[in-house]
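Listed here are the chains, written in short residue letters.
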Amino acid sequence: MTKFISIKEAMKKKEGKVAVRGWIYRERGSNKLKFIVLRDSSDIIQCVLEREKFEKQWADIDKLKVESSVEIEGTIKEDKRAPTGFEISAEKITIIQISEEFPIQKDLNEELLGDRRHLWLRSRKMTSILKIRSTVVGAIHEFFRSRGYVEFDPPIFQPTQSEGGSTIFEVKYFDSKVYLSQSWQLYAESAVFALEKIYDMSPTFRAEKSKTSRHLSEFWMAEMEAAWMKLDEVTEVAKDEIRFIIQEVLKKNKEELEILGRDIKLLEHYAKAKYPTIKYDEAVKLLNEKYKMNFAWGEDLRTIEEEKIANHFKVPVVVTHYPTQIMGFYKPASPENPKEALCFDMLAPEGYCEIVGGSERSLDVKDMEKRLKADNENPKNYSWYFDLRKYGSVPHSGYGVGVERVVSWICGLDSIKDAIAFPRTMTRVTP
Ligand code: 4AD
Ligand code: MG
């Protein structure tokens, strides 16, 4: 049995006999020579096939097009002219499948690339992003587990909204209807009275009716919730988490960042920098005084304002104490100034804006009932949630990180759609 090794391992070996297998990334040839750039999940490498060694197979070799699958055995050596600095002189080729004309060529528009997403995943761009995404997900698990958090999974079918009725997906559930999870939060709040420190990453659904480069209708949210924790502490956990994720990507994915053309120095800066915390009040002052923006206190920050604030600090910035009136029912008013809520967002620079949202949780059932009613919700549907405030309630806080928002920022992507393999948006649910 031939022992196949990855292209990366073959290049590490530098010389001698190797056997590799994969897909044809590029090919060109004459009637004497065929050059194949072979791709596997680890890298690409140039292979050269001389007709005189393959006279019997030449007719088939001549037919090999991009994405054909092959196994190649031969001798590897350094070659400065080859795309990755090495070349394999082939002695044996086994053709697994001769590909049809691959339907992705240069200059496909975004719509057509979207239609061919199942094939586009093979591109070096998507492969690099997916590897970085895997590191991000692994880093989140490691961050929380190493700090003693327990992984806790919420239900995805939920009987109520948690983040506002306007973005909720309704689904038929036998003879009734339920909703797809907008957040794990209400369930996490039950679990913290048992487990104290928990985290999770799960699919999250929002019927976002806007077409932006930052919104998906199905995305992964990484959330945490902790008993006894207050706003000042939870914001520091969020900063540590984001820095840790970047450190892990820098440790494991330098090559992928280079393929994507990301500024690695800048990421190294984000991985170590101190992230400031400012109050919404100060953000409003900054926008109006320094940037002459005429922004009214009480409005939610939109993309243009978030962008200004994060770019001003040039690192992620935590903004706290948004106006209570525009916040979700569970975000408590500050006892010092009820107009301000004990909540926060983290805004990433370079136009990536909100990557984290969180808060302390209200302990005031009367106030939550009032705010739900104002939102046309029936507080009765939340009675189980209010139970949590009756039996040994303690202060607690949590937040959610948009996994694709973070991947998009770390990779420097133009659109969040490339931060997930099969994006779902208002205008796309296929393939
Ligand atoms: O700010 P959000 O809506 O917060 C919550 O849902 C809280 N219940 C979380 C918590 O406290 N446990 O969402 C959290 C994060 C946002 O900061 C953003 O990064 C991401 O989730 N997010 C989206 N990402 C992609 N597409 C969308 N449509 C998103 N909506 C939110
Ligand atoms: Mg938010």
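Coordinates for the structure precede this section.
Residues numbered from 1 in each chain as written. Chains lettered and ligands numbered in written order. Predicted model: local features only at pLDDT ≥ 70, side-chain atom pairs only at ≥ 80, totals over all residues. Heavy atoms only, no water.

Novice: Explanation requested: the layout of surface pockets in the structure shown.
Specialist: Summary: where empty space remains is shown by rolling a probe the size of a single water molecule over the atoms. Here the second largest pocket defines a volume of roughly 610 Å³. Considering the residues around the second largest pocket, the lining is formed by 20 residues, among which Y25, V66, I104, Q105 and K106 are closest to the centre. Those elements that place two or more of their residues in the lining of the second largest pocket are β1 (16–29), α4 (117–120) and α5 (124–146). Sorting elements by how many residues they give to the lining of the second largest pocket places β1 first, with three residues. Looking at the lining of the second largest pocket, its residues break down into eight nonpolar, two polar and ten charged. (1 Å grid on protein atoms, 1.4 Å probe; cavity = no way out; pocket = protein on both sides within 12 Å on 5 of 7 lines; lining within 4 Å. Points joined across faces, edges and corners; volume = space filled by probe spheres on them. Helix = DSSP H or I, 4+ residues; strand = E, 2+ residues; numbered from the N terminus. Nonpolar A, V, L, I, M, F, W, Y, C, P; charged D, E, K, R; others polar.)

Novice: What am I meant to see in the sheet that holds strand β14 (residues 343–348) here?
Specialist: Each strand in a sheet pairs with its neighbour through backbone hydrogen bonds, running either in the same direction (parallel) or in the opposite one (antiparallel). An order of β6-β10-β11-β16-β15-β14-β13-β12 is seen for the eight strands of this open sheet, with the pairing classed as mixed. Here the strands that pair on one side only, and so sit at the sheet edges, are β6 (150–151) and β12 (277–279). Alignment of strand β15 (residues 353–360) against strand β16 (residues 396–402), held across five bridges, turns out to be antiparallel. Pairing of S359 across the sheet is with G398, part of β16. Packed onto the sheet, helix α10 (residues 280–290) meets β12 and β13 (317–320) and runs at close to 85° relative to β12. Helix α11 (residues 303–313) contacts β12, β13, β14 and β15 of the sheet and is inclined by roughly 70° relative to β14. (Pairing = 2+ DSSP bridges. Contact = heavy atoms within 4.5 Å. Axes fitted to C-alpha atoms, helices over the stretch in contact; angles between N-to-C directions.)

Novice: What's the story with the nonpolar core in this structure? I'm lost.
Specialist: Across soluble globular proteins, you tend to see nonpolar side chains buried next to one another. If you look at the biggest cluster of nonpolar residues, it comprises 52 residues, and the most contacted ones within it are M224, I242, I246, Y399 and I410. In terms of residue count, the dominant contributor to this core is helix α7 (residues 231–252) (ten residues). Among the nonpolar cores identified, the runner-up in size contains 23 residues, and A10, V20, L49 and I72 belong to it. (Core = buried A, V, L, I, M, F, W, Y, C linked by side-chain atoms within 4.5 Å. Buried < 20%, exposed > 50% of the residue type's maximum accessible area, 1.4 Å probe, protein only.)

So yeah, pure geometry; function would need other evidence.
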